[in-house]
Amino acid sequence: MDEWKHNPIIKPHKKRSWYLAWKYKLMNQRALRKLCQTGAVLFLLVTVIVNIKLILDTRRAAYEEEEESAQDYDDEMLNVEAPRHPVSNKKVLDVEVYSSRSKVYVAVDGTTVLEDEAREQGRGIHVIVLNQATGHVMAKRVFDTYSPHEDEAMVLFLNMVARGRILIFTIKDEGSFHLKDTAKNVLKSLGSQVAPFLSWRDMWTFVGKKGGEVYGEKHAKSPALSTWGDPVLLKTEVHLTSVEDAECHWPDTELNRRRRRFCSKVEGYGSVCSCKDPTPIEFNPDPLKDNKVFDVPVAVIAGNRPNYLYRMLRSLLSAQGVNPQMITVFIDGYYEEPMDVVELFGLSGIQHTPISIKNARVSQHYKASLTATFNLFPDAKFAVVLEEDLDISVDFFSFLSQSIYLLEEDESLYCISAWNDQGYEHTAEDPSLLYRVETMPGLGWVLRKSLYKDELEPKWPTPEKLWDWDMWMRMPEQRKGRECIIPDISRSYHFGIVGLNMNGYFHEAYFKKHKFNTVPNVQLKNVESLRKDAYEAEIHRLLGEAEVLDHSKNPCEDSFVPDTEGKVYVMFIKMEQEADFTTWTQLAKCLHIWDLDVRGNPKGLWRLFRKKNHFLVVGVPASPYSSKKPPSVMPVYMEPPAKEEGAVAVPAVAAAEQT
Amino acid sequence: MQKVNKNVVLAVLSLTSLVFLLFQLYYYKFYLSQKNGTVFSKARGSQSGQDSTRWHVVRKFLGLISSHNIPVYLIDPLILGLIDKDIEQIRSSSDGPSPECKYFCAPRDFTTFALLDKAWKHEVGLFRTAEKMGFQWLKVLNKDPRLDGMDDLSGTEIPLHYIFKLASHAIHLVVFYERSGNFLWHGPLRLKQHMDRKFVPFRKLHFGRYPGAYEKPELLLVSIDDLKVQIPKNPSSFLEEMSHSRFLECRYREARAFFQVYPDDASVDAVEFRKRAKSLLHLAALTLNNLGVKFWLSSGTCLGWYRQCNVIPYSKDVDLGIFIRDYKADIIPAFQKAGLPLKHKFGKVEDSLELSFQGDDDVKLDIFFFYEEDDFIWNGGTQAKSGKKFKYLFPKFTLCWTEFVELKVHVPCETLQYVEANYGPDWKVPVKTWDWKNSPSNVQYNGVWPVDEWDEVIQIY
């Protein structure tokens, strides 16, 4: 080791070039050797040092990095992601189906996917659609084929289901009374042996693939009219196919990705999932020129009626001037299917944990939705409020765009609504005409933020009060004499049949004949004259030029109004004080318009159309317009029907909520 | 022969060692530059490659977002700091090519941009294009705070941050949301369990440690380093705002729990009082903001925010705090001009100042001035009839933004300590009878005003 030691005397040599060192190597071999040795040693030493430094640095950096990511930026809350069910590679599903008088259930692989043992409910044929690749439930329906027309709905539904899906049928109580041959034939075509012979109070279960094999069928005949067939339990196995086989081969676009997601989860939406020719899910309606409501948020209030929501959103997104980014769908409850529909259209949806029950639940849902809307769009001065069971007119936004400035400027306005309670096929004519009304019609309306934030939100009915939100909003404490603007021809159409306060009969009687505007780009003609004072003047002008009808005739008769067009007629009815609607109610009944409570009457004056003539009804003497009555005319008085009937009608009024 | 062999061996050894050393150095440099480019490029002169990488990444990113029509603006504090020095020149200069890369080549790990949420649709297309351009990206989602205050609403999660990484540089895109109170909010950056913690050195991000609140900035389109980019019109005030931008969300969950135990008062009186208190607070905030006086929610109003996210309906007044160093003589006339006459004035600027203004309908606005000492902060109280002085002590605090009754206002960041100092450990229990002289747990008797000063320090109108 001694000779490797650094020799200070040789140090200057280091400065010499290698060339020189080599040149003098013969003369100075010893010195050269030493020099080389020292050089090599130095190199080695430096290398080792650099190596060590590298290792240290790398380790430090790695350590820092670890520490770095560990702190601060970790999500504090443990992100509990629902453990995904391991994708089972199982190719076979065990299916159990039970049918009896009082209970039905369906279990797939031990999981109950349908169970209904409620009394007086769920009668008819229950249908479940499973995805043939995953076994997931895609649709659940019950068709009360004991009642008329339900079998038609079932046929419609079954025709919409894609080929290859697995269908499960089971009957609860009775399902054959109104099961017509068409429906039976459809069931037969699915492979059912029994369906054509299903009869009164038979029990029946069936599992099969649409357009394919039958997995099982069981049937128990009812021995006598007064008794039910024995309960049947069908246990069978279903073979799953591959995912590829279960999906359509649409081009890979953003839209189709949404469509694929949707179609692999749910069934019963018709051509949107058609492989060959799927119906579009993006509509791109014409934009509106000078759209004043482009930045107004739209809140869609929804429950668990996904098919309605689907229909509603289609019409909403097809309306001219719609801005999908401003739409939020509020779903009352953690229902998956409505959310799937929302996602299909690429909209944003918010779910709301149900609070309270029945009407109060709807009311709380409304409150949460409205508050959230104004939170999400803090700049908005207004919000459009829609419900899931409305069709939206093509010029809905055009209508609002032309009239919304009034809501901003006229303090005496409460809302703008797209719905005319009295706008039936035979009583509405003019798409460009607007009215002021004292009631709050709802069903597609615009709410002013200041009204909500300053007045309504702080005192909104609390959950324990079982009030309807719209009834509450119509109360004088809230409305404070303010009025709403409505169109003569409604810009929304209420198609819901199943609702909290809805049933088929009710809908048939009060909503089916409602007029709905289908003309695009209607130019509204009297917007400016809807301001409080201008409207008053307008009414006086109308009454001034109106022809007084012959009050000796029966106002219910068609001949009461002459066969003319474009004229203005007036009639006077008895109305002792402001709340006396005896005659009006009778008149409304015979005219087949809304008669469950009084709607559409600013100051005892009703405006509608009869036979294409403007038709005014003035309540005398309560209405301030009574002075227009010629002294010779006797106001019409119509007797209410006998007392019992009247008593029955009262609760109906309370239930007339427009859900 | 022997000696020659030895020489050869030595030469070979030296050569290998040299090669090895060079390799080591190269690797070391490569590793460091990838890790944090700044360190090495600073140390060595050979930075141009690194610098132009940054510029190229920014350029690519700007290309990406403009191809999707997404309006972003630059909020990177480092670059804005540089820009701010030359702001006059940049504003006036035309689009001519710049001689050197001055801003976007500056050494740093990230370039930060802001995006207004409502200005874009959440398109998936952007990320596909980004991937095609070679970007790796990361998205940080979280709950929507605008729905947090609501009973049981669950929206879809919203994107709060995006990070686009290309080569050794990354773009941090902060998503700003508009909130009630007319301000912009960005969320905290929190990684979820499955996320890649080493995607970028998250610690070095300038945004995301806390949520932040900002005014809506005015933007300016400038051309710097041959790139067109939007920046806040006044970078220095933006940077100033950024340093005090921390935002506290109201404790909605705790507030709900509070209302479970003590149901809210929904009587007409309570509703009316809340409405009045809210409009008084809005008016006070407007007046003080116009004067540029920083204030925060104090006493009962602060407790209301902290405990129940609302005005306490029986509190009868609105309380604000202001540091005495922010006191301006204009405060009194400004409030009078706003329609709030002075009701009383206790103390003087040097000691225990307290102002009280009369709002509409019997709601009072109390403004307490806070005096900072070395290890505590205090404000004073005066009893009008006796001239007694009181002192309320608080531990030191800083100010954070929050949203309260549709207003962006300050509250002490250390709210719990503040509220506890004022109301004691039982602040969670509502107390309807409150005596400001005895009830607070931080009150100290502070002597009596000299009688000859009474005219000045006790003014009642």
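Since we're looking at a predicted model, the values are computed, not measured.

Calculation criteria
Residues numbered from 1 in each chain as written. Chains lettered and ligands numbered in written order. Predicted model: local features only at pLDDT ≥ 70, side-chain atom pairs only at ≥ 80, totals over all residues. Heavy atoms only, no water. Buried < 20%, exposed > 50% of the residue type's maximum accessible area, 1.4 Å probe, protein only. Helix = DSSP H or I, 4+ residues; strand = E, 2+ residues; numbered from the N terminus. Contact = heavy atoms within 4.5 Å. Patch = residues over 30% accessible without salt bridge, like charges linked within 9 Å, V, L, I, M, F, W, Y side chains within 5 Å. Areas by Shrake-Rupley, 256 points an atom, 1.4 Å probe, with all protein chains shown as cover. Salt bridge = Lys/Arg side-chain N within 4 Å of Asp/Glu carboxyl O. UniProt positions renumbered as here; feature names shortened; annotations may be inferred. Pairing = 2+ DSSP bridges. Right-handed = clockwise from strand over helix to strand, strands pointing away.

1. Structural notes on helix H12 (residues 415–423) of chain B
Residue and element names in this part refer to chain B.
Move 1: Within the sequence span of H12, burial applies to Thr 415, Tyr 418, Val 419, Ala 421, Asn 422 and Tyr 423.
Move 2: The inward-facing, buried residues of H12 contact strand S11 (296–297), helix H10 (299–308), strand S15 (364–372), strand S17 (388–394) and strand S19 (407–412).
Move 3: Following H12 by one or two positions, Gly 424 adopts a phi angle in the positive range, close to 75°.

2. Here we look at a nonpolar patch on the surface
Residues and elements named next belong to chain B.
Move 1: Judged by side-chain polarity, Leu 15, Leu 18, Val 19, Leu 22 and Leu 25 come together as a nonpolar surface patch covering roughly 450 Å² of accessible area.
Move 2: By secondary structure assignment, the location of Leu 22 is in helix H1 (residues 2–43).
Move 3: With relative accessibility at 51%, the residue Leu 22 sits in the exposed group.

3. A few points about unusual backbone geometry
Move 1: With an omega dihedral of 5°, the bond running from A:Val620 to A:Pro621 counts as a cis peptide bond.
Move 2: On the secondary structure map, A:Pro621 appears in strand S23 (residues 613–621).
Move 3: A positive phi angle is found at A:Glu120, which is not glycine, with a value near 60°.
Move 4: Residue placement: A:Glu120 occurs in the loop between strand S3 (111–116) and strand S4 (124–130).
Move 5: Residue A:Glu120 is classed as exposed on the basis of its relative accessible area, which comes to 80%.
Move 6: Even without a glycine there, the phi angle at B:Ser299 is positive, about 40°.
Move 7: Note on B:Ser299: relative accessible area 15%, which makes it buried.

4. Some thoughts on the UniProt feature "transmembrane region" (unreviewed entry) in chain A
Move 1: Per the UniProt annotation, the sites labelled "transmembrane region" (unreviewed entry) are residues 35–56 of chain A.
Move 2: Between the C-alpha atoms that bound residues 35–56 of chain A there is a distance of 31 Å. The span itself is 100% helix and 0% strand.

5. A short note on the UniProt feature "domain: ILEI/PANDER" (unreviewed entry) in chain A
Move 1: Sequence positions flagged by UniProt for "domain: ILEI/PANDER" (unreviewed entry) are, in local numbering, residues 123–212 of chain A.
Move 2: In residues 123–212 of chain A, helix accounts for 22% and strand for 31%; the two terminal C-alpha atoms are 28 Å from one another.

6. Let's talk about the pairing of strand S11 (residues 327–332) of chain A
Residue and element names in this part refer to chain A.
Move 1: S11 sits mainly inside the fold: six of its six residues count as buried.
Move 2: Two strands pair when backbone bridges link them, and strand S10 (residues 298–302) and S11 are joined in this way by five bridges, in the parallel orientation. From the neighbouring strand, Val 300 faces S11, where its bridge partner is Val 329.
Move 3: Read from S10 through helix H7 (residues 306–318) to S11, the crossover connection turns out right-handed.
Move 4: Direction of pairing for S11 relative to strand S12 (residues 348–352): parallel, over a ladder of five bridges. Bridging across to S12, Thr 328 finds its partner in Ser 348.

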